[in-house]
Amino acid sequence: MSSGIWQRGKEEEGVYGFLIEDIRKEVTRASKLKCSVCKKTGASIGCVAPRCKRSYHFPCGLQKECIFQFTGNFASFCWNHRPVQIITSNNYRDSLPCTICLEFIAPTPTYSVLRSPCCKNAWFHRDCLQVQAINAGVFFFRCTVCNNSDIFQKEMLRMGIHIPEKDASWELEENAYQDLLQHYEHCDVRRCRCKEGRDYNVPDSKWEIKRCQCCGSSGTHLACSSLQSWEQNWECLECRSILYNSGDFQKPKKHTLPNTNVGITDCLLEESSPKLPRQSPGAQRKDLLRQGSKFKRDISTLIIELGFQIKKKAKRLYINKANIWNSALDGFRNQNFNPSYSIEVVYVNENDHFGREHPGSKQEFLCLLMQQLENSPLFEGSLSKNLSLNSQALKENLYYEAGKMLAISLVHGGPSPGFFSKTLFNCLVYGPENTQPILDDVSDFDVAQIIIRINTATNVADLNSLVNECYNYLELIGCLRLITSISDKYMLAKDILVYHVIKRVQAPFESFKQGLKTLGVLEKIQTYPEAFFSIFCHKPENLSAKILSDLFTVRTLSDVQALGFWNSYLQAVEDGKSTVTMEDILIFATGCNSIPPAGFKPTPSIECLHMDFPVGNNCNNSLALPITSTYKEFQENMDFAIKNTLRLEKEENSHFIGH
């Protein structure tokens, strides 16, 4: 890419045709050139645009989004003169998926977003295209929609995509497809009954291995899953869960519990364990390469991508702060409400006889709404919550509305929920049938005591006595079972757990899940569970002086002393030397007690004004700091204003709720 060197030798001379003396001359020339980005010397690459004198290092050029053409004379263009894709008319109002990773992007050509020259509706992330080009090579790199290679490659080379002159990576790997020539022969059920081991396979016997009819990469001995013949269909647990979630899965009819050990044992053996596919190192490596970029996505990026669905058309919500839940419910249930429209919040007060309206902060409203949702009777538990069983809420379809609210909040820039139990989250991602609850999920004290007493029983007599004592309850929930050994207590306790945490709330769960499908949120969660787990099951990190200092940008030319007081004040609050908290400061300025996963919009800002007390504006996330002569006066005024403003708002809301 260096501007002052040419390939004057043959391929085998010097370094790939670049002669040693030429390389030394170029090093000397570059040592006198200063990089326009980092201001250090050694900038050997120059923009080829006429009269442009910018020079830069290759990494600095990438950082500033320069374009390097890996063809012809290997020309380089700075950020002001780089080639662009000309779109005559843009009729795309909504976001479109990248045809490689399928994530939604705004269909506007930028450095990071490119359009196919041969298919007008094919858009790509630049990073996706570059990875595809490196893997496919010049012989297989083509448009993913129409398979054109000539026009497509020419345009991508012009836009700086490097297409190596090599065969595709999948063609170069030795024995890359060897696994396809082998049958899977391994028993994967939870309890394999074959004494010869899981790999034992004898055709035309009960120890013949039957493969999953859907994926073929999991198996079971016929006897281990109570299959009478090889012709019977069998699906592994993983495929069964997919069928279940798709709606094609038919649940088996319930039968009365048999009074023999064999019936219970066979029932346990019918379900396979989660798959543990055995792959060659090459196949494992390909899986990691394929899945690495997919699952290690940043949560803020994922939510911003979901936000691409939001249209510019706005829908106004009239919200009574004293009754956030019902106000939001009325607004979201309105037949004219569309979750993909932008939301404008207007605060109203039903006790205000003049009918005055006040512009409100969308993110403050969503933050208050999520607090209401967390503390609503739709959930039970202290910190980590599960769905409750509330017949009135079910009748009013409130579980669906709760899921819808949560989805809308996330897409529109609301806060992290942070209160889901791991069990509830796993039910949403992997399905209830693949989730095992724990004792901490049981919020009912009496049920928890029954499970504890069962787990601590030391002999069959005590266990049977406990079963007799709880006979009516166990019969009612369908968990009554024959006790023949002390080990039966584990299955009994597990059955009660599964019933109380999962089966009991099946109807609320299905309704909540349907609501969470709004704007494609549930699908996104199931695609990137690790990223979403962090915001569904964990509260945001505690605020610190550094976090708040970095969060607020300084607007216009501000008083240097006041800014110094501001940083000292943040440190004093963090050290506990103030009557307010970090959360109080954030609420005062933005209306939110935590930073949303996608960040604030607009970005929080501070300015210094000649006044006695600070002023927070939730609508534009701004904080005006007072200019004082001493730090002591600054801290006292900040503490007084923040503490009393939040107290008055709380008392006002409590007063209206009381009425």
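Bear in mind that the values here come from a model prediction, so they are computed numbers and not experimental data.

**Considerations on the pattern of salt bridges**
Stage number 1. All told, the structure shown has 15 salt bridges when counted by the stated rule.
Stage number 2. The partner of Glu65 in a salt bridge is Arg82, and the shortest N-O contact between them spans 3.6 Å. Linking Glu65 in the loop between helix H2 (58-63) and strand E3 (67-68) with Arg82 in the loop between strand E4 (76-77) and strand E5 (96-97), this pair joins segments that are 17 residues apart in sequence.
Stage number 3. A relative accessible area of 22% places Arg82 in the partly exposed class.
Stage number 4. Residue Lys321 is joined to Glu364 by a salt bridge in which the shortest nitrogen-to-oxygen separation is 3.0 Å. A residue pair is termed long-range when its members are at least 10 positions apart, and Lys321 in the loop between strand E11 (311-320) and helix H10 (324-333) and Glu364 in helix H11 (residues 362-374) qualify at 43 residues.

**Comments concerning the packing of aromatic side chains**
Stage number 1. Scanning the model with the defined rule gives 22 aromatic pairs in all.
Stage number 2. Residues Tyr56 and Phe68 carry aromatic rings whose centres are separated by 6.3 Å and whose planes lie at 75° to one another, so their mutual orientation is edge-to-face. One end of the pair, Tyr56, is in strand E2 (residues 55-56); the other, Phe68, is in strand E3, with 12 residues separating them in the sequence.
Stage number 3. Residue Tyr56 is classed as buried on the basis of its relative accessible area, which comes to 0%.
Stage number 4. Here Phe68 falls in the buried class, since its relative accessible area comes to 3%.
Stage number 5. With a centroid separation of 5.0 Å and 80° between ring planes, the pair formed by Phe420 and Phe536 is classed as edge-to-face. Here Phe536 lies in helix H21 (residues 529-536) and Phe420 lies in the loop between helix H13 (398-411) and helix H14 (422-430), a separation of 116 residues in the sequence.
Stage number 6. Taken together through their ring pairs, the aromatic side chains of Phe379, Phe419, Phe420, Phe425, Phe512, Phe532, Phe533 and Phe536 make up a single cluster.
Stage number 7. Over the aromatic face of Tyr111 sits the side chain of Arg126, whose NZ or CZ is 4.1 Å from the ring centroid.

**Observations concerning the sheet that holds strand E17 (residues 605-609)**
Stage number 1. In space, the four strands of this open sheet follow the order E16-E17-E19-E18, with mixed pairing throughout. Single-partner strands in this sheet number two, and they are strand E16 (553-554) and strand E18 (615-617).
Stage number 2. Both E18 and strand E19 (residues 622-626) contribute to a ladder of three bridges, which runs antiparallel. Among the inter-strand pairings, Asn617 is bridged to a residue of E19, identified as Ser622.

**Overview of a nonpolar patch on the surface**
Stage number 1. Nonpolar side chains collect at one region of the surface, where Val15, Tyr16 and Ile20 lie side by side and expose about 300 Å² of accessible area between them.
Stage number 2. The topology assignment puts Tyr16 in the segment before helix H1 (20-30).

**Notes on the nonpolar core**
Soluble globular proteins: nonpolar side chains tend toward being buried together.
Stage number 1. Phe365, Phe420, Ile496, Phe512, Phe532 and Phe536 are the most contacted members of the largest nonpolar core, which totals 74 residues.
Stage number 2. With nine residues, H13 is the single largest residue contributor to this core.
Stage number 3. When sequence neighbours within four positions are dropped, the list of residues in contact with Phe532 reads Ile299, Leu302, Leu306, Phe425, Lys524 and Ile525.
Stage number 4. With 29 residues, the next largest nonpolar core counts Leu563, Ala589, Cys592 and Ile606 among its residues.

**Points about helix H3 (residues 126-140)**
Stage number 1. With 15 residues, H3 extends just 18 Å between its outermost C-alpha atoms, more than 12% less than the 21 Å of an ideal straight helix rising 1.5 Å per residue.
Stage number 2. Where H3 is concerned, the buried positions are Arg126, Cys128, Leu129, Gln130, Ala133, Ala136 and Gly137.
Stage number 3. Those residues of H3 that are buried are in contact with E3, strand E7 (113-115), strand E8 (123-125), helix H4 (150-158) and helix H5 (169-172).

**Re the environment of His500**
Stage number 1. With respect to the secondary-structure elements, His500 resides in helix H18 (residues 488-501).
Stage number 2. Put simply, His500 and Val442 are 58 residues apart on the chain and 7.3 Å apart in space, counted from C-alpha to C-alpha.
Stage number 3. In contact with His500, not counting residues within four places along its chain, are Glu380, Val442, Asp444, Val447 and Tyr473.

**Considering the packing of helix H15 (residues 445-455) against helix H16 (residues 460-469)**
Stage number 1. For the pair H15 and H16, the least separation of the axes is 10 Å and the interaxial angle reads 160°. Here H16 runs roughly antiparallel to H15, going by the angle between their axes. In the packing of H15 onto H16, the handedness of the crossing is left-handed. Judged by residue contacts, Ile450, Arg453 and Ile454 of H15 engage Leu463, Leu466 and Glu469 from H16.

Definitions and cut-offs
- Here the residue numbers are simple positions, counted from 1 along each chain's written sequence.
- Where local features are concerned, this predicted model is filtered to residues with pLDDT of at least 70; where side-chain atom pairs are given and counted, the filter is 80 or more; whole-chain, interface and lining totals use all residues.
- Calculated side-chain values reflect all of the structure's heavy atoms, with hydrogen atoms and water omitted.
- Salt-bridge detection follows one rule: a side-chain nitrogen of Lys or Arg within 4 Å of a carboxyl oxygen of Asp or Glu.
- For helices the rule is a DSSP run of H or I covering at least 4 residues; for strands it is a run of E covering at least 2, with both sets numbered from the N terminus onward.
- The cut-offs for exposure are 20% and 50% of the maximum accessible area for each residue type, with area from a 1.4 Å probe on protein chains only; residues under the lower value are buried, those over the upper are exposed, and the others partly exposed.
- Planes of paired rings set the category: under 30 degrees apart is stacked, over 60 is edge-to-face and the rest tilted, where pairs are Phe, Tyr or Trp rings (Trp by its six-membered ring) whose centres lie within 6.5 Å.
- Each ring is checked for a lysine NZ or an arginine CZ that lies within 6 Å of its centre and within 35 degrees of its normal; such an atom marks a charge sitting over the ring.
- For two strands to be treated as a pair, DSSP must find no fewer than two bridges joining them.
- The patch calculation keeps residues exceeding 30% relative accessible area without a salt bridge and links them within 9 Å when they carry like charges or within 5 Å when they are nonpolar (Val, Leu, Ile, Met, Phe, Trp, Tyr).
- Accessibility throughout is a Shrake-Rupley quantity obtained with a 1.4 Å probe, and a residue counts as covered only by protein chains that appear here.
- We define the nonpolar core as a collection of buried residues of types Ala, Val, Leu, Ile, Met, Phe, Trp, Tyr and Cys that are connected through side-chain atoms lying within 4.5 Å of one another.
- Contacts: residue pairs with any heavy atoms within 4.5 Å of one another.
- Helix span, expected: 1.5 Å multiplied by one less than the number of residues in the helix.
- In this analysis, axes come from line fits to C-alpha atoms, helices being fitted only over the stretch in contact, and the angle between any two N-to-C directions falls in the range 0 to 180 degrees.
- Working definition: roughly parallel below 35 degrees, roughly antiparallel above 145 degrees, roughly perpendicular at 65 to 115 degrees, and oblique for all remaining angles.
- Take the far helix as your reference; a near helix turned counterclockwise from it by less than a right angle gives a left-handed crossing, and one turned clockwise gives a right-handed crossing.

Purely spatial values, then, with no claim about function.
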